[in-house]
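This is what each chain is made of:
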Protein chains: 4
Amino acid sequence: MNVGIIANPHKKGARTTLINLCEALEKKKITWSLETETADIIGSPDGVDARTFGDSCDVVAVLGGDGTMLNASSKIGSVDIPVAGINIGTLGFLTTCTDTELDLFADAVASGNYQLIKRLQLRATITSNDGSRQYFRALNEITLTRGHTGRLVSLDAWVDGELLNHYRADGLIVSTATGSTAYSLSAGGPLIAPKADVYVITPICPHSLSNRSLVVSDSSVVELAPASDSSCPMLFTVDGRDVVDIKQGSRITVEQAGHALPLLRIADRTFFSTLRQKLGWG
Amino acid sequence: MNVGIIANPHKKGARTTLINLCEALEKKKITWSLETETADIIGSPDGVDARTFGDSCDVVAVLGGDGTMLNASSKIGSVDIPVAGINIGTLGFLTTCTDTELDLFADAVASGNYQLIKRLQLRATITSNDGSRQYFRALNEITLTRGHTGRLVSLDAWVDGELLNHYRADGLIVSTATGSTAYSLSAGGPLIAPKADVYVITPICPHSLSNRSLVVSDSSVVELAPASDSSCPMLFTVDGRDVVDIKQGSRITVEQAGHALPLLRIADRTFFSTLRQKLGWG
Amino acid sequence: MNVGIIANPHKKGARTTLINLCEALEKKKITWSLETETADIIGSPDGVDARTFGDSCDVVAVLGGDGTMLNASSKIGSVDIPVAGINIGTLGFLTTCTDTELDLFADAVASGNYQLIKRLQLRATITSNDGSRQYFRALNEITLTRGHTGRLVSLDAWVDGELLNHYRADGLIVSTATGSTAYSLSAGGPLIAPKADVYVITPICPHSLSNRSLVVSDSSVVELAPASDSSCPMLFTVDGRDVVDIKQGSRITVEQAGHALPLLRIADRTFFSTLRQKLGWG
Amino acid sequence: MNVGIIANPHKKGARTTLINLCEALEKKKITWSLETETADIIGSPDGVDARTFGDSCDVVAVLGGDGTMLNASSKIGSVDIPVAGINIGTLGFLTTCTDTELDLFADAVASGNYQLIKRLQLRATITSNDGSRQYFRALNEITLTRGHTGRLVSLDAWVDGELLNHYRADGLIVSTATGSTAYSLSAGGPLIAPKADVYVITPICPHSLSNRSLVVSDSSVVELAPASDSSCPMLFTVDGRDVVDIKQGSRITVEQAGHALPLLRIADRTFFSTLRQKLGWG
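Because the structure is a prediction, the values reported are computed rather than measured.

> Looking at this structure, I do not really get the overall build of chain A. What am I missing?
Along its length, chain A carries seven helices and 20 strands. Relative to the globule expectation of 19 Å for 282 residues, the C-alpha radius of gyration of chain A, 20 Å, shows essentially globular dimensions. Seen through its principal axes, chain A has C-alpha atoms that stretch 65 × 45 × 30 Å. Considering chain A as a whole, with its 282 residues, one finds that 61% of them fall into the buried category. Total accessible area on chain A is roughly 10800 Å²; 46% of this is exposed by carbon and sulfur atoms.

> Got a minute to help me understand the interface of chain A and chain B in this structure?
Note: interface size is frequently given as the accessible area lost on complex formation between the parts. Of the residues lining the interface, 34 residues belong to chain A; the matching set on chain B comes to 35 residues. Across the chain A/chain B interface, buried area totals approximately 2800 Å², and carbon plus sulfur atoms make up 58% of it. Its largest share of buried area at the contact with chain B, chain A owes to Arg212(A), Phe272(A) and Trp281(A), together 23% of the area lost on that side. Here chain A is connected to chain B by zero salt bridges. Between chain A and chain B we count 20 residue pairs in polar contact (both at pLDDT 80 or more) in total. Those elements giving two or more residues to the side of chain A that touches chain B turn out to be β11 (162–169), β13 (191–192), β15 (214–217) and α7 (271–278) of chain A. With five residues, β11(A) is the largest single contributor of residues to the side of chain A that touches chain B. Examined bridge by bridge, β15(A) and strand β13 (residues 191–192) of chain B share two bridges and lie parallel to one another. Counted as the bridge partner of Leu214(A) is Leu191(B) from β13(B).

> Explain the interface of chain B and chain C here, please?
Taken together, the 21 residues of chain B in the interface contact 21 residues of chain C. In total, about 1700 Å² of surface goes out of reach between chain B and chain C, with carbon and sulfur atoms giving 59% of it. Its largest share of buried area at the contact with chain C, chain B owes to His148(B), Ser186(B) and Cys205(B), together 28% of the area lost on that side. At the junction of chain B with chain C, the criterion picks out zero salt bridges. Our count for the contact surface shared by chain B and chain C stands at eight residue pairs in polar contact (both at pLDDT 80 or more). Secondary-structure elements contributing two or more residues to the side of chain B that touches chain C are α6 (183–186), β17 (234–238) and β18 (242–246) of chain B. A per-element tally of the side of chain B that touches chain C places α6(B) first, with three residues.

> Honestly, the pattern of salt bridges in this entry has me stumped. Any pointers?
Side chains that differ in sign of charge can pair as their charged atoms come close. Summed over the entire model, instances satisfying the criterion amount to 28 salt bridges over all chains. With a shortest N-O distance of 3.3 Å, Glu35(C) and Lys75(C) are connected by a salt bridge. One end of the pair, Glu35(C), is in the loop between β2 (31–34) and α2 (36–41); the other, Lys75(C), is in helix α4 (residues 66–76), with 40 residues separating them in the sequence. Between Asp107(D) and Lys28(D) there is a salt bridge, with its nearest N and O atoms 2.5 Å apart.

> Would you mind showing me how to read the relation of the copies chain B and chain C here?
Here the two chain copies are tied together by a rotation about an axis and a shift along that axis. Least-squares fitting of chain B to chain C yields an RMSD of 0.0 Å, with the transformation described by 0.0 Å of translation along the axis and a rotation of 180°. What we have between these two chains is a two-fold relation. Looking at the interface residues of chain B, 100% of them are also at the interface in chain C, so both copies use one shared face.

> What am I meant to see in the sheet that holds strand β19 (residues 251–256) of chain B here?
Two pairing modes exist for strands in a sheet, parallel and antiparallel, and in both the strands are linked by backbone hydrogen bonds. All names here are of chain B. Strand order in the open sheet formed by six strands is β8-β7-β19-β16-β10-β11, with antiparallel pairing between adjacent strands. In this open sheet, the two edge strands, each paired with only one partner strand, are β8 (133–138) and β11 (162–169). Sheet twist, expressed as the average angle between the axes of neighbouring strands with direction ignored, equals 20°.

> Quick question: what am I supposed to make of the domain arrangement of chain A here?
All names here are of chain A. For chain A, the domain assignment lists domain 1 (2–119 + 260–278) and domain 2 (122–256). Domain 1 and domain 2 are separated by 30 Å when their C-alpha centres are compared. Both sides together, the interface formed by domain 1 and domain 2 hides about 1200 Å², and carbon and sulfur atoms give 64% of it. It is Leu 70, Arg 119 and Phe 271 in domain 1 that bury the most area against domain 2; as a group they hold 45% of the surface buried on that side. Viewed at the interface, domain 2 and domain 1 are joined by zero salt bridges. Connecting domain 1 to domain 2 are four residue pairs in polar contact (both at pLDDT 80 or more). Those elements that place two or more of their residues in the side of domain 1 that touches domain 2 are α4 (66–76) and α7. The element that contributes the greatest number of residues to the side of domain 1 that touches domain 2 is α4, accounting for five residues.

> Could you clarify how one ought to interpret the side chain of Thr253(A) in this entry?
Residues and elements named next belong to chain A. Position of Thr 253 among the secondary structure elements: in strand β19 (residues 251–256). Of the residues examined, Thr 253 reaches a relative accessible area of 17% and is grouped as buried. Not counting residues up to four positions away in its chain, the partners in contact with Thr 253 are Arg 123, Ala 124, Thr 125, Val 221, Val 222 and Glu 223.

> Hey, could you run me through helix α5 (residues 102–111) of chain D in this one?
Side chains of residues three or four places apart in an α-helix project in the same direction, reflecting 3.6 residues per turn. All names here are of chain D. Listing the buried residues of α5 in full gives Leu 102, Phe 105, Ala 106, Ala 108 and Val 109. The buried residues of α5 all sit within an arc of 160° when viewed along its axis, so they share a single face. Note on α5: the residue one or two positions beyond its end, Gly 112, has a positive phi of about 70°.

> What is the right way to read the relation of the copies chain A and chain B from this model?
When chain A is fitted onto chain B, the two copies agree to an RMSD of 0.0 Å after a turn of 180° and an axial shift of 0.0 Å. The residues that chain A uses at the interface reappear at the interface of chain B in 100% of cases, marking a shared surface.

> What is the right way to look at the UniProt feature "active site" (unreviewed entry) in chain A in this model?
Residues and elements named next belong to chain A. According to UniProt, the positions carrying the feature "active site" (unreviewed entry) are Asp 66. Owing to a relative accessible area of 21%, Asp 66 belongs among the partly exposed residues under this scheme. In this structure, Asp 66 is in contact with Gly 92, Phe 93 and Leu 94, ignoring residues within four places of it in sequence.

> Whenever I open this one, the pairing of strand β16 (residues 222–226) of chain A confuses me. Can you help?
Looking along a regular strand, one sees the side chains alternate between the two faces of the sheet. Residue and element names in this part refer to chain A. The buried fraction of β16 is high, at five of five residues. Side-chain alternation along β16 places Val 222, Leu 224 and Pro 226 on one buried face and Glu 223 and Ala 225 on a second face that is also buried. Pairing geometry for strand β10 (residues 153–159) and β16, over five bridges, is antiparallel. Paired with Leu 155 across the strands is Pro 226, a residue of β16. Relative to β19, β16 runs antiparallel, the two being bridged by three bridges.

> Just checking my understanding: could you explain the state of the cysteines for this structure?
Where two cysteines share a covalent bond between their sulfur atoms, that bond is called a disulfide. Applying the stated rule across the entire model yields zero disulfides over all chains. Just so you know, Cys57(A) is unpaired, no disulfide at all, and the nearest cysteine sulfur is the one on Cys22(A), 12 Å from it. You can see Cys232(C) has no disulfide; the closest cysteine sulfur is in Cys205(C), sitting 15 Å from it. Given the relative accessible area of 16%, Cys232(C) is considered buried.

> Would you mind going over the sheet that holds strand β17 (residues 234–238) of chain A with me for this structure?
Pairing within the open sheet is mixed, and its seven strands lie in the order β18(A)-β17(A)-β9(A)-β12(A)-β14(A)-β15(A)-β13(B). The open sheet has two free edges, formed respectively by β18 (242–246) of chain A together with β13 of chain B, since each of these has just one partner strand. Bridge analysis of strand β9 (residues 141–146) of chain A against strand β12 (residues 171–175) of chain A gives five bridges, and the strand direction is antiparallel. By the bridge assignment for β12(A), Thr145(A) is matched with Gly171(A).

> How should the packing of helix α1 (residues 14–27) of chain C against helix α5 (residues 102–111) of chain C be read in this particular structure?
Each pair of packed helices can be described by the angle between their axes along with the distance between the axes. Residues and elements named next belong to chain C. Running from N to C, α1 and α5 point in directions that differ by 40°, and their axes come no closer than 9 Å. Viewed along their axes, α1 and α5 adopt a mutual orientation that is oblique. Between α1 and α5 lies a crossing of right-handed hand. Residue-level inspection shows Thr 17, Asn 20, Leu 21, Ala 24, Leu 25 and Lys 27 of α1 in contact with α5, the latter providing Leu 102, Asp 103, Phe 105 and Ala 106. Here the residues of the contact of α1 with α5 are counted per class, giving six nonpolar, two polar and two charged.

> I tried to follow the environment of Ser78(C) on my own but got confused; where do I start?
Residue and element names in this part refer to chain C. Residue position: Ser 78 is located in the loop between α4 and β4 (83–87). Measuring from C-alpha to C-alpha, the distance between Ser 78 and His 259 comes to 5.9 Å, with 181 residues separating the pair along the chain. At a separation of 3.0 Å, a polar atom in the side chain of Ser 78 contacts the side chain of Arg 137.

Cut-offs applied
For every chain, the first residue of the written sequence is number 1, and numbering continues from 1 onward in sequence order. Whichever chain is written first is A, and whichever ligand is written first is 1; the rest continue in order. For a predicted model such as this one, the threshold for reporting local features is a pLDDT of at least 70, and the threshold for listing and counting side-chain atom pairs is 80 or more; totals across whole chains, interfaces and linings nevertheless cover every residue. To obtain the side-chain values, all non-hydrogen atoms of the structure were used and water was disregarded. A helix here means a DSSP run of H or I that spans at least four residues, while a strand means a run of E at least two residues long, and both kinds are numbered starting from the N terminus. Here the radius of gyration uses the C-alpha set of atoms, whereas the globule reference equals 2.2 Å times the residue count to the power 0.38. When a residue's accessible area, from a 1.4 Å probe over protein chains only, is under 20% of the maximum for its type it is buried; when over 50% it is exposed; and in between it is partly exposed. Per-residue and other accessible areas follow the Shrake-Rupley method at a 1.4 Å probe size, with only the shown protein chains counted as cover for residues. In what follows, residue pairs with any heavy atoms lying within 4.5 Å of each other are defined as contacts. When two components associate, each loses some accessible surface as probed by a 1.4 Å sphere; the sum of these losses over both components is called the buried area. Just to be clear on terms, a salt bridge is a Lys or Arg side-chain nitrogen sitting within 4 Å of an Asp or Glu carboxyl oxygen. Polar contacts, as used here, are pairs of N or O atoms within 3.5 Å; protein pairs need one atom able to donate a hydrogen and one able to accept it. Residues neighboring in sequence count only if both atoms are side-chain atoms. Pairs of strands are assigned from DSSP output, requiring at least two bridges between the strands. The fit set for superposing copies consists of C-alpha atoms from residues with pLDDT of at least 70 in both; the fit itself is least squares. Geometry is summarised by axes, namely lines fitted to C-alpha atoms with helices restricted to the contacting stretch, and by angles between N-to-C directions that run from 0 to 180 degrees. Note: domain ranges come from an automatic or database domain assignment. This arc describes the spread of directions from the helix axis toward the C-beta atoms. UniProt positions are given in the numbering used here, feature names are shortened, and annotations may be inferred rather than shown by experiment. Any pair of cysteine sulfurs within 2.5 Å is marked as a disulfide. Throughout this description, any angle smaller than 35 degrees is read as roughly parallel, any larger than 145 degrees as roughly antiparallel, any in the 65 to 115 degree range as roughly perpendicular, and the remainder as oblique. By the definition used in this description, the sense in which the near helix is turned from the far one sets the handedness, with an anticlockwise turn below a right angle giving left-handed and a clockwise turn giving right-handed. Side-chain classes are defined by residue name, with Ala, Val, Leu, Ile, Met, Phe, Trp, Tyr, Cys and Pro counting as nonpolar, Asp, Glu, Lys and Arg as charged, and the others, Gly among them, as polar.

Next up, the structure:
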């Protein structure tokens, strides 16, 4: 058994949690590999590229919060390896366990006694004017928003080849169920239970007040493009991370990624109990 | 070929549209049966109970608007017969065609040249304190709301046996994709594309501002009950129609109905184009 | 110096806080009068009608939460006597101090060392078909909502004699700045700082998605009436308390009440710090 | 009598409306001055700087829509001269009359038979790290938003020296009553009647769902600053026009401008009737 570990070096308590995790794994005779930046935290020279985890590890443990998980998902690549979110300090929506439950985690890995929840991801393809393409994978959401301007942007959206709408807004979000608790929620979108096979298109500050979120089947293909009358600079982002300038004539295609993130679940923590706690319900 | 016809007698133009429809059918050698109230509109004594349409008709035509369709769906019962919405005057979300396209409709029926879009319905079961049960079928939504009181109500909701939340609110809506353009939308819920296999739980004026709509899989079972600390009168409604007083100790179970409404589609009118027109987009 | 005391008998800890308050006042040689129900809490036979506080007291202390304050304001009547909210357990928006700060309160009363914040109230007049009138005073809000029906209600609203809108909705709220943190907020209304001389009209689940809250000057007169095409039963409520059935032909006039509630302020607790704490900001 | 004219050269119909307006004025023996860009539309070499209108004109006519008015207000400067919005094609919120009512307008100017509605404006002062200052005047709103980043920004807001909140959001809008129908509305803010002496602070896509709009007195002073933990680039905008990069350490002060725009009103068009028409109510 080998566990790949990615920790957020900027998170307070990362070093301690990392050391504690290694001890907990050792007790169960589980070995581990550290991703390069993670190895740096404890001054180890043996860090490896997270891209290699797919070949060398049985489980990946991600130490930090939801943001760390978003980054880790990108670093690991599209490989079918269970990923566990070990939250330091606070509770996240992608939490497998917290930093006080490390033995529980090591136990689960050793015994194989855990569930896997498949989290749908999105593949976005930007096709530029000249026909060149860029590919992205999102666990939470992709956005097309206004750039360095004080004006609304104009953009068009299609679903399965049919025109959805011509939007005048700050932008548009295409979010997975996983991302429904993140930026899409701030923009007025609904919560989506993990088992619902859908994703959601949410306009950001639309000029037309009736431009609400639209929930579509996860088999749908969404296309976005700056409107032909649009002259404003636009930005494309993936999980709040990559920022690409989008030019007039470019087109973004969003669809279900072939690869869903297999999120490891051990505790009897339900999505709803996390919702209630994180959103301050009740 | 026989078409069952249900018209809204209170809709201006119902009589004319009814006569025109019969003429259009006659040209195609299609016969028709009129539901009792509909027969009254033209003074015909030959009206029949809409419950018999399942046995005697190939298609049911509903003349009016979306509200007429909701009522008609209830009158016909859970039988697998294609239903066409013929809108008088305005465009609805459940429109097959308008009153200016009657020949088009008769053509489609005669040739069988149409699509059927299955619209998910909900079955709600009220189980009372004494174990007695009442059953309801909703095409749009069911609600549990406050009755004759100026206070919030307290209610609990579960999804697939897991506690979703304890709500303090004006009430809660469980809506189908079809109902997502109706009351749920007014209460802040998202739009749902017809092909998305989900329904949505939307709180009405919740005390906690983070109590947003939740989209769940259409295989989920939702349960609602007045909270144990609740002393306020509550109402249960189905498609804005039936109104049942709910007592402390009652429990409402909501799940996918075995029967989905087969909505007849002939024109190349898409859900999105109807959205844009009805909601004043663009 | 004499302090009138009104406590919520249903609030856990009311008896203890009441006794402690009396002790704190005694230390400062301040006498007190208990309202009838409040006297019952400690088995005293000397309770008096709260209506008499205006003549006999220098300050009224209200023990409980915001709801207790709403009721107390109604019981005291429109007299210009400083009112202090002493919160038991939790913090309210109308809090002068908490049950752990009773000496601070007695001190402030004895020394006169406090501020008074005038809280605008609304006067509502229902004029019935037959010309008869009923008068109400609201510290938070008045509402006109649907009664025992599953349908939207239709109602008309005017501001200063000009038609504002014909609403199809669950109802309409007219709220003071004080009420802006209560029901109006749940219905989507804005927060209003105590010093802003306005009140706000908020539709409840309006059919038209662009029917937003409207903020008007506190010198405006708002009129509400069931629309002429309305057939549904409607309810009128005041501070979530009084519930009056409204018939077709009735008209409700809402304007600034002559009397503003003089809320006693001692601590350096600001409206914004209470907002942040109560609404879970930051 | 002399009327200063500013027209939007990019608006279809600008040339025709300009010529028609001059003819209407001529009939009433009213002279006119054209602003430089406006003179270009009809190839006249006699354009003057709009800054001179304060000295040379009795009324300024602005031909275009609300956007043209925002620009014109900036071009004219803070002078107390009545401004009339003459809408081309569509109706705006700042409309005095439309392009079909030019004689009505000329009549009103000649006879002095019109009302003036004073529209509050905001003055924003940016104080940089080095103590240098920049001043701006807004008729609609100022915003502090995220720049070229996919992340939320962190910013602090104070009202009258008291901390309002630490926001994590896409940004914050401070809007006048006039601006309440523009960007603030898209971000979820309330409508504000022109006579209400307030402005409104609206967060854009706040991370905390309870961060609602706050209405404050127009005598309040609002201060905004990037939070000390903020590392993201931010933008400051005025009426969707000026775009200034804001650095860590800068501070923005927003208060009522000394100058309110005197908007000329002739028709009996009310704010509410414009609302109903523009927002598609009823």
